[in-house]
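# Understanding the architecture of this molecule
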Amino acid sequence: AAQTGSVSCDDCDLQKDSLAGAESCDLAHSDYYLTNDNGESKACPSHALCEGGYQAPIPNNGYWVDRTKYKFAGDIHECSRDTCERNLINSSCWHIDHFTNSNCSSDELQCIEGAFGPLCGSCEDGYLFQAVLNQCSTCGEVQIVS
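All values reported here derive from a predicted model rather than from experimental measurement. Sequence order as written defines residue numbering, which begins from 1 separately in each chain. Reporting in this predicted model follows two pLDDT cut-offs: at least 70 for local features of residues, and 80 or more for side-chain atom pairs to be given and counted; totals over whole chains, interfaces and linings ignore these cut-offs and use all residues. Processing note: side-chain calculations cover all non-hydrogen atoms of the structure and skip hydrogens and water entirely.

In what follows, a disulfide is any cysteine sulfur pair within 2.5 Å. The tally for this structure, following the rule as stated, stands at 5 disulfides. The disulfide that involves C111 links it to C120, with 2.1 Å between the sulfurs. Residues C111 and C120 share a disulfide whose torsion about the S-S bond is about -85°; that sign makes it left-handed. C120 matches C111 in its accessibility class, with the two residues each being buried. The thiol sulfur of C139 is not disulfide-bonded, and the nearest other cysteine sulfur, from C123, lies at 9.0 Å. Relative accessibility under 20% of the residue-type maximum defines a buried residue, over 50% an exposed one, and the middle range a partly exposed one, all with a 1.4 Å probe and only protein chains included.

Following this line, the structure appears as structure tokens:
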């Protein structure tokens with residue numbers, strides 16, 4: 001509503017949303033995300049899921065985002081290896097306030113088991129990159145092709 005005591009609500013613009021009874025449209029609408037603390041919103045980047053509200057874009061399988069700063073949230077990168085995988089187990093880690101939280105491991109949220117780092121491009125100790133599968137495999141599972 002434009003004023004306290006109004007009997008009708010104003011509609012939020014296409015990119016924004018609000019909770020019932022809220023005085024302002026400070027949430028991102030579905031398929032959009034908030035770009036900063038000022039409440040600006042942008043369309044969801046390609047190859048990502050945007051649930052709206054205070055959630056950052058969540059990269060699709062095969063894609064990765066740098067979680068070191070929220071300003072990178074809309075920069076979705078394609079992974080050259082089959083090591084990037086969306087993990088929604090802890091969806092609160094995609095909230096704007098938790099995006100850079102050290103309790104939200106970027107590797108656990110975006111990489112398959114055995115992979116880590118930028119673009120999930122490195123293999124953990126005990127794993128070896130297997131080109132045939134284009135991903136990290138435990139050393140006991142590595143197939144030698146002659």
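To continue, consider the pairing of strand 11 (residues 127-130). Two strands qualify as a pair provided that DSSP identifies no fewer than 2 bridges between them. A run of H or I in DSSP becomes a helix once it reaches four residues, and a run of E becomes a strand once it reaches two; helices and strands are each numbered from the N terminus. With 4 bridges connecting them, strand 11 and strand 12 (residues 135-138) associate as antiparallel partners. Directly across from F129, in strand 12, lies its bridge partner C136. Once strand 11 ends, the chain turns through 4 residues before running back antiparallel as strand 12, passing N134 with a positive phi of about 60°.

As a further point, take the nonpolar core. By size, the foremost hydrophobic cluster in this structure holds 19 residues, and its most contacted members are Y70, W94 and F99. Listing elements by their share of this core, those giving two or more residues are strand 3 (32-34) and strand 7 (63-65). Ranked by the residues each element gives to this core, the list is headed by strand 3, at 3 residues. Residues in contact with F99, not counting those within four places in the same chain, are A56, V65, D66, R67, K69, Y70, A73, C93 and W94. Judged by nonpolar contacts, the second largest core, of 9 residues, contains W64, I112, C120 and Y127. As used here, the term nonpolar core means buried Ala, Val, Leu, Ile, Met, Phe, Trp, Tyr and Cys residues forming a set that is joined through side-chain atoms within 4.5 Å. Here a residue-residue contact requires only that any non-hydrogen atoms of the pair lie within 4.5 Å.

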